[in-house]
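Here are the chains, one letter per residue:
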Amino acid sequence: MRLFPIFWWNKEVHNFRVSQHKFSKQPWANGVILLLCVVIAMLLANLPFTKDIYHAFLATDISIHIQSPANASGHSVIDWIFPREMTVERFINDILMVVFFFTVGLEIKREVICGELSTPKKAVMPVIAAFGGVLVPALIYFCINHGTDAASGWGIPTATDIAFAVGILSILGDKVPISLKVFLTALAIADDLIAILVVAIFYGGTINLALMGVALLVIGFVFLLKRLGEKRVFFYLVPAIIVWSLFYYSGIHATMSGVVMAFLIPMEARYNKAKYLRRRGILERGLAEADGMDDEPFPNGPQRHYLRHLSGLSKRSIGPAYRLEHLLSPWVNFLIMPIFALANAGVEITDPGYFNVFSSGPHGAVGMGIFLGLLLGKPVGITLSSFIAIKCKVGEMPAKASWPMLFAVACLGGIGFTMSIFVDTLSFAGEGITPEVTQHLRDAGKIAVLMGSLCAGLLGSLFISLIARFERRR
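The written sequence of each chain sets the order in which its residues are numbered from 1. For this predicted model, a pLDDT threshold of at least 70 governs which residues receive local features, and a threshold of 80 or more governs which side-chain atom pairs are given and counted, while totals over whole chains, interfaces and linings are taken from all residues. The side-chain values count all of the structure's non-hydrogen atoms but skip hydrogen atoms and water molecules.

As for unusual backbone geometry
Spelled out, the test is: Any residue under 20% of the maximum accessible area for its type is buried, any over 50% is exposed, and the rest in between are partly exposed; the area is computed with a 1.4 Å probe on protein chains only.
For the bond running from F298 to P299, omega is 0 degrees, close enough to zero to count as cis. Phi at K393 is positive, roughly 60 degrees, even though this residue is not glycine. Here K393 falls in the exposed class, since its relative accessible area comes to 74%. Positioned with a positive phi, F417 is a non-glycine residue whose angle comes to about 45 degrees.

Below you can see the structure in the form of structure tokens.
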């Protein structure tokens with residue numbers, strides 16, 4: 001009598017796992033989860049019975065403290081803290097986000113070597129469009145906030161969130177030409193690279209040249225290993241941890257170590273095609289000859305030996321960069337980025353004026369600069385720079401695309417979210433700015449990022465639907 005309920009339960013579990021797998025493969029799945037995390041974070045930060053717990057948890061110190069008993073002079077022989085000032089929030093932003101930037105670096109490297117940015121003809125149009133999409137929002141923000149405490153936040157509205165933008169394009173289906181989907185994807189990748197450079201150059205601290213010199217020596221050693229043909233992942237990940245530590249204490253933002261080390265991971269596999277086929281043939285013959293050697297069912301002892309070697313052979317025939325990207329992407333998309341959203345999107349609304357992005361407060365119109373930069377600056381910058389590139393004959397219009405549709409797709413470039421919020425967490429801290437003012441500006445900036453990204457997504461989707469309907473009727 002119990003067999004049927006057990007069978008039914010197992011069938012339901014199987015169906016759930018299949019549905020879960022299908023959901024995770026959808027290009028919009030990551031965006032849905034991030035949006036849900038934003039809502040949860042805002043509730044946690046504002047509900048009376050959760051906001052204190054939420055902020056206290058993020059401020060929890062998780063550094064390792066080692067201190068010996070005081071000696072006769074009253075001082076400890078050992079007094080060691082690592083990492084310094086490491087709270088839960090900083091752990092997320094300075095350690096977990098290193099993995100995010102490492103994965104982004106691997107994606108950029110793949111696209112540059114063999115993807116949408118691999119040739120000048122493929123790269124020139126998205127790269128020029130990406131520069132326009134960074135320059136115009138930064139200028140809009142700077143013009144609005146010039147001379148105020150908020151002036152240093154010009155980098156916030158310059159980024160495009162590829163997860164949301166590509167996810168919306170996938171939902172819109174065949175309304176958008178494939179060439180424009182490729183264009184926006186390549187643009188977002190180039191945009192990520194520019195955003196990484198902006199963070200590295202403009203949002204670091206005071207640089208400790210000695211530690212930076214040691215980091216460069218380690219990076220040089222890893223580069224030499226790569227040139228000598230080393231393709232084992234271990235010899236890259238261990239130095240990556242060392243470089244992260246040196247970056248963390250040198251003044252350059254620690255997440256940049258992830259990008260630097262990603263560019264050093266080799267894409268070439270240990271075994272080429274000829275070597276793979278030769279070894280596979282030997283192992284497959286051994287596997288066939290081992291059949292029936294004992295009474296065990298398949299695979300028997302000798303066959304398990306050959307299967308393990310076949311598995312290792314397949315692994316070594318894929319480049320380390322591809323393997324790491326495939327391994328890390330699900331963790332980044334469905335764990336690290338949601339955790340980042342939970343930790344950074346939770347803004348306590350102490351001032352309803354945060355939602356009035358067109359007000360000019362005492363600390364500068366940070367909200368107006370970010371909102372207009374994302375909603376207006378991004379599409380104008382992308383479209384204008386694309387127009388100039390085509391008129392100067394250094395780029396060409398994506399196939400089957402019109403200028404109205406390109407502008408509509410460029411509106412989706414105004415979805416900043418992950419990178420914009422990340423830059424917001426680094427902005428506004430400077431000489432003469434109190435921590436209270438810094439926190440006020442960052443909170444206002446995050447609200448503006450969320451509102452600007454939401455409006456950009458809705459506006460882009462609306463324009464794409466209307467333009468697609470109009471073009472089909474012509």
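Thoughts on the pattern of salt bridges
Selection criterion: For salt bridges, the criterion is a side-chain nitrogen of Lys or Arg within 4 Å of an Asp or Glu carboxyl oxygen. Secondary structure follows DSSP: runs of H or I at least 4 residues long count as helices, runs of E at least 2 residues long count as strands, and numbering of each begins at the N terminus.
Counting across every chain of the model gives 8 salt bridges. Here R90 and D94 are joined by a salt bridge, their closest N and O atoms 3.2 Å apart. Taken together, the positions of R90 and D94, both in helix α4 (residues 88–114) and 4 residues apart, correspond to about one turn of that helix. Classification of D94 as buried rests on a relative accessible area of 7%. R280 is the salt-bridge partner of E284, the closest N and O atoms lying 3.7 Å from each other. In this pair, E284 and R280 are both assigned in helix α11 (residues 273–289), 4 residues apart and thus about one turn of the helix distant. When its relative accessible area of 30% is taken as the criterion, R280 is described as partly exposed. One connected set of salt bridges, linked through shared partners, spans R110, E111 and E325.

Structural measurements only, silent on function.
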